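# Per-entry structural report
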Amino acid sequence: QILAAPPTSAFADLPPGRCFSATMRTLVSTAALTTAAVGRSTIPSAGALKPWGASERDEWRTSRKVVRSYREEVLTKLEPLAERWEVEKYGALSQDPERFPLYSVRSRRWEASRPSVLITGGVHGYETSGVQGALLFLQSAAAAYSESFNLLVVPCVSPWGYETIQRWNAQAVDPNRSFNPRGEVVAGRSFNPEAATEESAALLSHLEALGGRDGRFLCHIDLHETTDTDESEFRPAKAARDGVAFEPGTIPDGFYLVADVTNPRLEWHAAIIDAVRRVTHIAPADPDGTIIGEPVLQEGVIGIPSPRSLGLCAGVTDAPYATTTEVYPDSPKADADICNRAQVAAITSALDFLLAERRAGGGAGGAAAKAEL
């Protein structure tokens, strides 16, 4: 059973009008939710340039407030999907297993002869369109690809973060740095692994239970957002947590993708950008030729070291076609619907490119793409 009765105190801390009905929640913009959730947040301090200890982490966690309902906004949308798809509970967060069950949705007829695709959302729970975009794909577009691919969709990896609109999990750890806790930590690198989390461990175990995560998937698309609160709330919080000085950055104005510089797949990424630009605008490079401090490989695509080495969800498999989407929900030119549709456009264009490669016998991807497809 997908829907368990929520605890009676689930919305005890909600201010008036914030318990969104199924009808009203579609009218509330992602940006408005994010601002309301974190605009009043306080960041604990252990002292100047001193990392947080247990007391600061506890203070941070207890000061977070429930802003929206994982049950109403996610779990209720999974139940109808069970008519066509295999909807499976693969775990639960120990802080409240009934409130935070973890679910995936996959092809009911999983065939070894078909390439497999993994789509993940909500690794950062506050990035709304990652979750809602994955659900919208399942509701509106996934069926069209079900005969060509084995599909596995994990729409909300971090449900506590979804309810509280937080980047971290309840332990003040970034789930999207926790998928390879044995990864190399390099001083000064903008991305480094963090400790393993329940969220990452549950997903890794789920993939292993389904037959393993290496050599199994052709494609992995990890759905994210870059928001104004990254700069106003979450980056300062990370600096305080780690006991380092906060260095201000910039927020890209538009959509972009994050590629693995060791396997950039530039034509595939270009096809995704071309499709998404029909829905929302693409982020330009900063004057120094970077986006979020990382080099721009081509329009709307930045390159980072191997995601697996950095503990990123995008490296959870060895899929030859893997990327992270980054939607910008705080633009005056965007709203919740545009952000969700941009995520769907990214997914469908990525899959359309792979299908075209198959029809062309490898096409621009050459011999390697022929073997993969």
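A brief structural summary.

## With respect to the sheet that holds strand 1 (residues 86-92)
Here we have 10 strands laid out as an open sheet, ordered 1-2-4-3-5-10-6-9-8-7, and mixed in their pairing. A single partner strand is all that each edge strand has here, and the edge strands are strand 1 and strand 7 (290-291). Direction of pairing for strand 3 (residues 116-121) relative to strand 4 (residues 150-154): parallel, over a ladder of 5 bridges. Considered in strand 4, the bridge of Ile119 is made with Val153. The strands touched by helix 8 (residues 266-276) are strand 5 (219-225), strand 6 (256-260), strand 8 (294-298), strand 9 (301-304) and strand 10 (321-327); relative to strand 10, the strand with the most contacts, the crossing angle is about 35°.

## What to know about the side chain of His281
Turning to its location among the elements, His281 is positioned in the loop between helix 8 and strand 7. Within the structure, His281 has its side chain in polar contact with the side chain of Asp253 (distance 2.9 Å).

## Quick word on the pattern of salt bridges
A complete count under the given rule lists 20 salt bridges for this structure. Across the salt bridge formed by Arg64 and Glu233, the nearest N and O atoms sit 3.6 Å from each other. One end of the pair, Arg64, is in the loop between helix 2 (54-62) and helix 3 (70-78); the other, Glu233, is in helix 7 (residues 228-242), with 169 residues separating them in the sequence. Pair check on accessibility: Arg64 and Glu233 agree, each one buried. Among the salt bridges present, the one from Glu127 reaches Arg167, with a minimum N-O distance of 3.9 Å. Of the two residues, Glu127 is situated in the loop between strand 3 and helix 4 (128-140) and Arg167 in the loop between helix 5 (159-164) and helix 6 (198-209); the sequence distance between them amounts to 40 residues. With relative accessibility at 15%, the residue Arg167 sits in the buried group. One continuous salt-bridge network, built from bridges that share partners, spans Arg109, Glu111, Arg114 and Glu147.

Cut-off values and rules
Residues numbered from 1 in each chain as written. Predicted model: local features only at pLDDT ≥ 70, side-chain atom pairs only at ≥ 80, totals over all residues. Heavy atoms only, no water. Pairing = 2+ DSSP bridges. Helix = DSSP H or I, 4+ residues; strand = E, 2+ residues; numbered from the N terminus. Contact = heavy atoms within 4.5 Å. Axes fitted to C-alpha atoms, helices over the stretch in contact; angles between N-to-C directions. Polar contact = N/O pair within 3.5 Å; in protein donor to acceptor, adjacent residues only side chain to side chain. Salt bridge = Lys/Arg side-chain N within 4 Å of Asp/Glu carboxyl O. Buried < 20%, exposed > 50% of the residue type's maximum accessible area, 1.4 Å probe, protein only.

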